[in-house]
Amino acid sequence: MSRPDVVVTGLGATTPLGGDVASTWDAMLAGRSGVSALTQEWAGQLSVRIAAQLAVDPSEVLDRVKLRRLDRSEAIAIIAAQQAWADAGLADSGLDPERLAVSLGSGIGGATTLLAQDDILEASGPRRVSPHTVPMLMPNGPAAWVGLELGAKAGVHSMASACATGAEAIALGLDIIRSGRADVVVAGGTEAVIHPLPIAGFASMRAMSTRNDEPEKASRPWDKGRDGFVLGEGSGVVVLERADHAAARGARVYARLAGAGITSDAYDIVQPHAEGEGAIRAIAKAVADADIAKTDIVHVNAHATSTPVGDMLEIGALRKAIGDHPVLSATKSMTGHLLGAAGALESIATILAIRDSVVPPTINLDDPDEGLTLEVAAHKARHLEIPAALNNAFGFGGHNVALVFTRV
Amino acid sequence: MTRDEITSGLAEILEEVAGVNPDDVAEGKSFTDDLDVDSLSMVEVVVAAEEKFGVKIPDNEVQNLKTVGDAVSYIEAQS
């Protein structure tokens, strides 16, 4: 039985580089860093005092009363989803709500709501805890809110696979359309946990960069001087659509989501497999699912978070799975690591790289690690015709997700 | 405190919590039908009113407060 093609017809994002996709992409191509010093009072006590904070605060977009009942991760998911929805031109298309699904998740969820309400509980007692607390912190909150805003009645799904969440949510969207459960899926990720507790937790794992004096240079994937990831916040959302459905309404198509590969390591709760075995299998599965030759993949938006171990494991996995020909980007060098939103934002960068025939730069790659044996567009964007590209996302828990996008 | 003062105090709370235009707040208005205050926001209104007017409004009393006037009367009687 032939399965339907799935295409991308809408993009939305709010990120440390810009309040929408266009400004984010422009900043990426210009090689701008979204990382800055944390000036909040609480940051003083932390070993990590830098982060990639949103360029446009949600309060500039959504009204005050609405924001009262939204966790920040929910607010920015709504903002990104509304952009993607408008971009896809679906608002007045007469789409049957029962053919519209949502697949969207977060790595950590409503942690800042939980912590803020716990402060209220401790200081003022249980009666003062907001009645909005539970819908603000529940892990399905962002997906449910997006479904509510867009009127999605074919199911609202909440992926949670740490830093692979955004990519895995998109992979689930592909499955939903292929299996005929919806014609359109609004898919992506969101994350907003710039708060002392999550930062302290990651810092205690020694996973984060402490290059506090040079925020813009702190996220440096594959560079010898890398010392951990930089926490970012934001949301990225794509509209996935059955190709014939998009064609029938004359929709503008960015790219085709040709395949996805999902594996799990069953190795360690936080360490990636020592030989990148799960990552290799995920990439190979994605290429096979896309039914293309691995040599077609000339560009990879890598997971590359700027950690000493993970960055090099991914290089080895890519070489084994697809070879030594692709040109890589680590856009986290500019955006920081958006955790559960990373795979979604980087899918958007991958899609736009295909559309614009350009490999976005990897900044701060001043002194490449000897283990970096694949080509990278260091410092500056590079023109390249891209018939097919890969986006990788890996997460604590041993989640490996690879997505293949192709030009239409 | 006069009924008008209580009404305007409630209007401030309703604006803060639920974005209700203070000009729309009058004794005859229903919280849910006229002012679009949903059940979760009503909980916030009650807690804020307790604080503002120094009264206690038990949960089993809240269901009887259908209109702004009902709330004003209850607060007036308690304070």
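Residues numbered from 1 in each chain as written. Chains lettered and ligands numbered in written order. Predicted model: local features only at pLDDT ≥ 70, side-chain atom pairs only at ≥ 80, totals over all residues. Heavy atoms only, no water.

- Going by an unreviewed UniProt entry, chain B carries the name Acyl carrier protein and comes from Micromonospora costi.
- Turning to chain B, the UniProt record has this under Sequence similarities (unreviewed entry): "Belongs to the acyl carrier protein (ACP) family."
- In its Subcellular location (unreviewed entry) section, the UniProt record describing chain B reads: "Cytoplasm". (UniProt positions renumbered as here; feature names shortened; annotations may be inferred.)

### Describing the sheet that holds strand β6 (residues 184-191) of chain A
Residues and elements named next belong to chain A.
- Within the open sheet, the 11 strands sit side by side as β5-β4-β6-β7-β1-β8-β15-β14-β9-β10-β12. Their pairing is mixed. Strand pairing shows two members of the sheet lacking a second neighbour, β5 (156-157) and β12 (375-376), which therefore form its edges.
- Pairing analysis gives eight bridges linking strand β1 (residues 6-14) to strand β7 (residues 234-242), with the strands arranged antiparallel. Pairing of Thr14 across the sheet is with Ser235, part of β7.
- Along the sheet, helix α11 (residues 308-322) makes contact with β9 (297-301), β10 (327-329) and β14 (388-395), crossing β14 at roughly 135°. (Pairing = 2+ DSSP bridges. Helix = DSSP H or I, 4+ residues; strand = E, 2+ residues; numbered from the N terminus. Contact = heavy atoms within 4.5 Å. Axes fitted to C-alpha atoms, helices over the stretch in contact; angles between N-to-C directions.)

### Comments concerning the interface of chain A and chain B
- Taken residue by residue, the interface counts 10 residues in chain A and 16 residues in chain B.
- Of the roughly 1,000 Å² buried between chain A and chain B, counting both surfaces, carbon and sulfur atoms make up 40%.
- Broken down residue by residue, the surface that chain A buries against chain B is led by Arg68, Arg127 and Pro131 of chain A, which jointly contribute 50%.
- In this assembly, chain A and chain B are joined by seven salt bridges.
- The partner of Glu44 of chain B in a salt bridge is Arg68 of chain A, with the nearest N and O atoms 2.5 Å apart.
- Our count for the contact surface shared by chain A and chain B stands at 11 residue pairs in polar contact (both at pLDDT 80 or more).
- Of the residues forming the side of chain A that touches chain B, the biggest block, three residues, is contributed by helix α2 (residues 64-68) of chain A.
- Partitioning the side of chain A that touches chain B into residue classes produces three nonpolar, two polar and five charged. (Buried area = accessible area lost by both parts, 1.4 Å probe. Salt bridge = Lys/Arg side-chain N within 4 Å of Asp/Glu carboxyl O. Polar contact = N/O pair within 3.5 Å; in protein donor to acceptor, adjacent residues only side chain to side chain. Nonpolar A, V, L, I, M, F, W, Y, C, P; charged D, E, K, R; others polar.)

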